[in-house]
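The residues making up each chain are set out below.
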Amino acid sequence: MVSYCVFAFLNPEKGYFNAIIQQFGGEPVSWYTEKKYWPFIIIFMSQWKGMGYNTVVYLASICGIDKTYYEAAVLDGASKWQQIKYITLPLLKPVITILLIMSVGGIFKADFGLFYQLPKNSGPLYPVTNVLDTYIFRALKTSGEIGMSSAAALFQSAVGFVLIMIANKIVSKVDNENALF
């Protein structure tokens, strides 16, 4: 869905961005052949995609906080900032820690759809959009290198597992209560 929305903006012939550029007298940009724009496009779209999930997780966590804490803080004369600082953030600490550990484990994992579907698998964009996930897929699809693709996927999983274990060990040293195990 996201890749189709982006394509509506970046379509070389009828895209919204090219229409705006042409209205101001500029030349249309061939977005799917120009490498220099894609690091910014991918970063922006990744943040936009992740915002919804993170909002749901944090909002659910905040809704789970007992309201009596806030009522007692108001009776004691706490401002909104003090309520956030002394109630909300400390009670969100376990959720923040778990999400941090999981994101450290996903450093070697790329969003396949973001790097494959968003740029429409455009050959000129391979230097800026080729990540381990797309390499594994393309290797299986085009050359049939099952052994190399399996080794790359195993490496990716093993490194992710090791990073999760290291991050969890660091968290358990700092605050054992918020570690995964």
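Residues numbered from 1 in each chain as written. Predicted model: local features only at pLDDT ≥ 70, side-chain atom pairs only at ≥ 80, totals over all residues. Heavy atoms only, no water.

**Student:** Before we move on, could you go through the overall build of the protein chain and cite the residues and values that matter?
**Tutor:** Counting its secondary structure elements, the protein chain contains nine helices and zero strands. Counting from the amino terminus, the protein chain carries its helices and strands in the arrangement α-α-α-α-α-α-α-α-α. Expected size for 181 residues packed as a compact globule is a radius of gyration near 16 Å; at 22 Å, the protein chain overshoots this value by more than 25%. Expressed as lengths along the three principal axes of its C-alpha atoms, the size of the protein chain is roughly 60 × 50 × 20 Å. Across the 181 residues of the protein chain, 28% fall into the buried class. The contacts of the protein chain with a sequence gap of at least 6 include a subset with a gap of at least 24, amounting to 52%. As displayed, the protein chain has an accessible area near 12,100 Å², and 68% of this comes from carbon and sulfur atoms. Charge centroids of the protein chain, computed over 14 positive and 11 negative side chains, lie 4 Å from each other. (Helix = DSSP H or I, 4+ residues; strand = E, 2+ residues; numbered from the N terminus. Rg over C-alpha atoms; globule rule 2.2 N^0.38 Å. Buried < 20%, exposed > 50% of the residue type's maximum accessible area, 1.4 Å probe, protein only. Contact = heavy atoms within 4.5 Å. Areas by Shrake-Rupley, 256 points an atom, 1.4 Å probe, with all protein chains shown as cover. Lys, Arg positive; Asp, Glu negative; His and termini not counted. Charge placed at Lys NZ, Arg CZ, Asp CG, Glu CD.)

**Student:** Report on the environment of Met1, specifying residues and quantitative values.
**Tutor:** Within the element layout of this structure, Met1 appears in the segment before helix H1 (2-10). A residue is classified by how much of its surface remains accessible, and Met1, at 76% relative accessible area, is exposed. Considering only alpha carbons, one finds Met1 and Gln117, 116 residues apart in sequence, at a separation of 9.6 Å.

**Student:** Please give an account of the nonpolar core that cites residues and values.
**Tutor:** Judged by nonpolar contacts, the single largest core of 14 residues is most densely connected at Leu10, Tyr32, Trp38, Ile41 and Leu118. Secondary structure elements with two or more residues in this core: H1, helix H3 (38-63) and helix H6 (112-116). Core analysis: the next-biggest nonpolar cluster, separate from the first, contains five residues, Ile101, Ala167, Val171 and Ala179 among them. (Core = buried A, V, L, I, M, F, W, Y, C linked by side-chain atoms within 4.5 Å.)

**Student:** Explain the pattern of salt bridges to me, using residue names and the numbers behind them.
**Tutor:** Taken as a whole and judged by the stated rule, the model has two salt bridges. Across the pair Asp111 and Lys49 runs a salt bridge, and its minimum N-O distance is 2.5 Å. Of the two residues, Asp111 sits in the loop between helix H5 (80-105) and H6 while Lys49 sits in helix H3, which places them 62 residues apart along the sequence. For Lys49, a relative accessible area of 36% gives the class partly exposed. Between Asp175 and Lys93 there is a salt bridge, and its shortest N-O distance comes to 3.3 Å. Of this pair, Asp175 sits in the segment after helix H9 (146-174) while Lys93 sits in helix H5, placing them 82 residues apart in sequence. Of the residues examined, Lys93 reaches a relative accessible area of 42% and is grouped as partly exposed. (Salt bridge = Lys/Arg side-chain N within 4 Å of Asp/Glu carboxyl O.)

**Student:** Explain H3 residue by residue, including any values.
**Tutor:** An ideal rise of 1.5 Å per residue puts 38 Å on 26 residues; H3 measures up with 37 Å between its terminal C-alpha atoms. Considering bend angle alone, the principal kink of H3 is centred on Met51 and spans about 30°. The set of residues buried in H3 consists of Trp38, Ile41, Ile42, Met45, Val57 and Ser61. Of the surrounding elements, those touching the buried residues of H3 are H1, H5, H6 and helix H7 (126-129). (Expected span 1.5 Å × (residues − 1). Bend = angle between axes of the 7 residues up to and from the residue.)

**Student:** Mind laying out the side chain of Gln83, listing which residues take part and the relevant values?
**Tutor:** Tracing the backbone shows Gln83 in helix H5. Classification of Gln83 by relative accessible area gives buried; the value is 6%. If we ignore the near neighbours within four places in the chain, the residues touching Gln83 are Tyr70, Ala73, Val74, Ala78 and Thr88.

**Student:** Lay out unusual backbone geometry with the relevant residues and their values.
**Tutor:** A positive phi is found at Lys120, a non-glycine position, where the angle reads about 60°. Secondary-structure assignment places Lys120 in the loop between H6 and H7.

**Student:** Can you lay out H1 for me, pointing to particular residues and giving the numbers?
**Tutor:** Within H1 the residues assigned to the buried category are Ser3, Val6 and Leu10. Down the axis of H1, the buried set is contained in an arc of 65°. They therefore lie on one face. (Arc of directions from axis to C-beta.)

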